[in-house]
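Geometric and topological summary
Single-letter residue listing:
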Amino acid sequence: MKVKTAPGSDYLKLSYLACGAGFVILLVLPVLAPNLTAYGIGLLMYVTMAVGYNLQGGYLGDLSFGHAVFFGLGGYAAALLVEHNLINWAPLNVFIGACFAAFFAAVIGLPFLRLKGFYFSIGTLGLSSLLLLVVKNVLSPITKGEAGLMIPPPQPYHIEIFYYSILGIAALSGLVSFLIVRSRCGLAFTAIRDNPEAAAALGINVTACRVTGFALSAFIVGTVGGFYAYYASYINPEGVFAGTISFEVLIMVFLGGAGTLLGPFMGAAAFYVFEEVGRTYIGPGFYLLPALLLILVFLKMPNGIMGLIDGRNKKAVEKVSEVNRAC
Amino acid sequence: MLGAMEHFLHVAFKIIVFGLLAGSIYSLFGLGLTIIMGVGKVLNVCHGDLGILGAYVAFVAFVCFQLDPLLSLVLLMPFLALIGAGIQKFLINPAVSDPKHQTTVSVMITYGLALAISNGITIIASPSYRFLDLSYSYSGLEIMGTTINFPRLLVLIVTAVVAVCLFGLMKTKLGKSIQAASQDQMLACLIGINNRKITAITFAISSALAAVGGVLYILNNPLYPAVGLNLTVKGLTVMVLGGIGNVFGALAAGLILGLAESLTSFFIGDIYRNIVVYFVLIAVLLLRPSGIFRSLEG
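The structure reproduced in this document is the subject of the present report. (Residues numbered from 1 in each chain as written. Chains lettered and ligands numbered in written order. Predicted model: local features only at pLDDT ≥ 70, side-chain atom pairs only at ≥ 80, totals over all residues.)

1. Things to note about the overall build of chain A
Counting its regular elements, chain A contains 16 helices and two strands. Since a compact globule built from 327 residues should have a radius of gyration of about 20 Å, the 20 Å found for chain A is in line with a globular shape. Dimensions along the principal axes, computed over C-alpha positions, put chain A at roughly 70 × 50 × 40 Å. Counting across all 327 residues of chain A, residues that qualify as buried make up 50%. (Helix = DSSP H or I, 4+ residues; strand = E, 2+ residues; numbered from the N terminus. Rg over C-alpha atoms; globule rule 2.2 N^0.38 Å. Buried ≥ 20, exposed ≤ 12 C-beta atoms within 10 Å, placed from the backbone.)

In structure tokens, the structure reads:
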């Protein structure tokens, strides 16, 4: 009988090959199929957010229900700088927005990350609902409240510029998460996820790691927020702080496989296709499709699409049936 | 001078009564969430949407057959209880491989359900607002110069009845098994309590409570598909405030939250009313995660 070992070098080679091929296809997409460029931008925004979320939700295991906060803060910080005539150079604004989101994450992370498990999830859910209302009502003299902010599109305006910048952001965040996961820091992250007490006993600074992961994840999601503000040329509280955004990234990450490098890419792509099909054929209420998908994923493939590829789903399902027999 | 005093009393009475009335619905949602979280460590994010599902059924029954929502509630409660037990048995149990992950997995699956229910309703019934036009909507009882209309009084009465029933239930053998499972699942298992069965039964009770909450909600508020998640968040706040698994805590926390809302909307402004809810949620989580009352978790 052939003994099955952990995914070896063949598997790794294949996944590098797949990444390279995917990148090349995306690189030439606007040339080959210009009418798909807008879809490509949407897809890459989802991918980047999923990669950002995965760093924290997947590797550190802190499930945040409020990542829309960082998306919204990144977008609003970039837009407010334009609105109040301070800085108007798109890359710098997006960068400042992302830094602001990361800074905010680090500040609130210190108290919030003391909360364990689902308390953290509920806390972030409350935080995102609170921030939506604060930006909409309390800060309305600065943020123009419900009316939202208009941002003049950067000149010269070409959709290809947007496409290649988000492709660059996506590739860069993919690379950053690859480097982090493969580093000492990434090992510390997984150790904390699997057993925080044991990790602390090994001398890992648990709080510092969790705050770092939170801030990094917020930085990446905040970048997409800033990009979105420029791309849509308009930003309003309901659009960027909505709870649905937080849950969308969550679904994408778990669909693809949380805590895997390629999972967020696959999950975001699959989710995007489902969403667009639903939007086209169902109209209002199109979230029905992703919702059913999410339930199906948790019932049949707990390790997501990546689990389908490396065969961990089968094992997990077998384990569940074992547990069910035992009870 | 006497006039001013009278005016003050009148306003204070109004604030308190309306706060308690809104709060009793929050109590109902918090109660349902807290018992299932306490017993099964199941965080049911589709709780509000189950309530909305019940409310839509009651609404249809009222429009088509002129059936009073409270009468249809009698049929709705067992119906939703069945759905709840089904969710636990066929969706959550098969997905949990490790009891440690029960909460995470249940959040994901019930969030999927919440989206499915609210979007399914949107597809069938359109996202527009709907109002229940009851014959007794505009008549009411005058107490201390404040007119409280009958639907609002009904909310208070039904909540009281449900709370009494729930406390009664906790005195029976089933209720004691629920409390035991909620305190320590492992020990409950050792004394012969079937945890899976108790969890499914608790889910059924919790869903029946969601039906009551949903139907009471539409007596005084507009109905639209997206409101379910708002109600869930209110219920979560009540659950955290009262302490997880604490039935009395949830009941009191709901009323406190309702009072806090009506006080804020009177003294600071109506737009701040929800801000206070989330602020309270975060503050309690950070300062007293076990709730403001003594929690069963200790």
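2. Thoughts on the packing of helix H2 (residues 37–58) of chain A against helix H10 (residues 206–232) of chain A
Residues and elements named next belong to chain A. Their axes nearest at 7 Å, the elements H2 and H10 cross at an angle of 165°. By the criterion of interaxial angle, the relationship of H2 to H10 is roughly antiparallel. Like other packed secondary-structure pairs, H2 and H10 cross with a definite hand, here left-handed. Packed against H2, whose contacting residues are Ile41, Met45, Thr48, Met49, Val51, Gly52, Tyr53, Leu55 and Gln56, the element H10 presents Gly213, Phe214, Leu216, Ser217, Ile220, Val221, Val224, Phe227, Tyr228 and Tyr231 at the interface. Grouping the constituent residues of the contact of H2 with H10 by class yields 14 nonpolar, five polar and no charged. (Axes fitted to C-alpha atoms, helices over the stretch in contact; angles between N-to-C directions. Parallel < 35°, antiparallel > 145°, perpendicular 65-115°, else oblique. Left-handed = near helix turned anticlockwise from the far one by under 90°. Contact = placed C-beta atoms within 7 Å. Nonpolar A, V, L, I, M, F, W, Y, C, P; charged D, E, K, R; others polar.)

3. Comments concerning the environment of phenylalanine 62 of chain B
With respect to the helices, strands and loops of the structure, phenylalanine 62 of chain B is situated in helix H2 (residues 47–65). On a C-alpha basis, the gap between phenylalanine 62 of chain B and aspartate 133 of chain B in space is 9.3 Å, while along the polypeptide they are 71 residues apart.

4. A few points about the interface of chain B and chain A
Taken together, the contacts link 37 residues of chain B with 38 residues of chain A. At the level of elements, helix H4 (102–125), helix H9 (227–242) and helix H11 (273–287) of chain B are the ones that each hand at least two residues to the side of chain B that touches chain A. Examining the composition of the side of chain B that touches chain A, we find that 15 residues originate from one element, H4 of chain B, more than from any other. Looking at the side of chain B that touches chain A residue by residue, the classes come out as 27 nonpolar, nine polar and one charged.

5. Considerations on the nonpolar core
Within the largest apolar cluster, 199 residues are counted, with the highest numbers of intra-cluster contacts made by Tyr46, Ala50, Ala101, Ile166 and Ala268 of chain A together with Val212 of chain B. Considering every element that reaches this core, the biggest residue donor is helix H8 (residues 195–220) of chain B, with 16 residues. Residues within four places of alanine 101 of chain A in sequence aside, it is in contact with Phe70, Leu73, Gly74, Ala218, Phe219, Val221, Gly222 and Gly225 of chain A. (Core = buried A, V, L, I, M, F, W, Y, C linked by C-beta atoms within 7 Å.)

6. As for the packing of H2 of chain B against H8 of chain B
Residue and element names in this part refer to chain B. Interhelical geometry of H2 versus H8 gives an angle of 55° and a closest axis separation of 7 Å. Classified by the angle their axes make, H2 and H8 are oblique. The hand of the H2/H8 crossing is right-handed. Residues His47, Leu50, Gly51, Ile52, Gly54, Ala55, Ala58 and Phe59 of H2 touch H8, and the partners they reach there are Ser207, Ala210, Ala211, Gly213, Gly214, Val215, Tyr217 and Ile218. For the contact of H2 with H8, a count of residues per class yields ten nonpolar, six polar and no charged.

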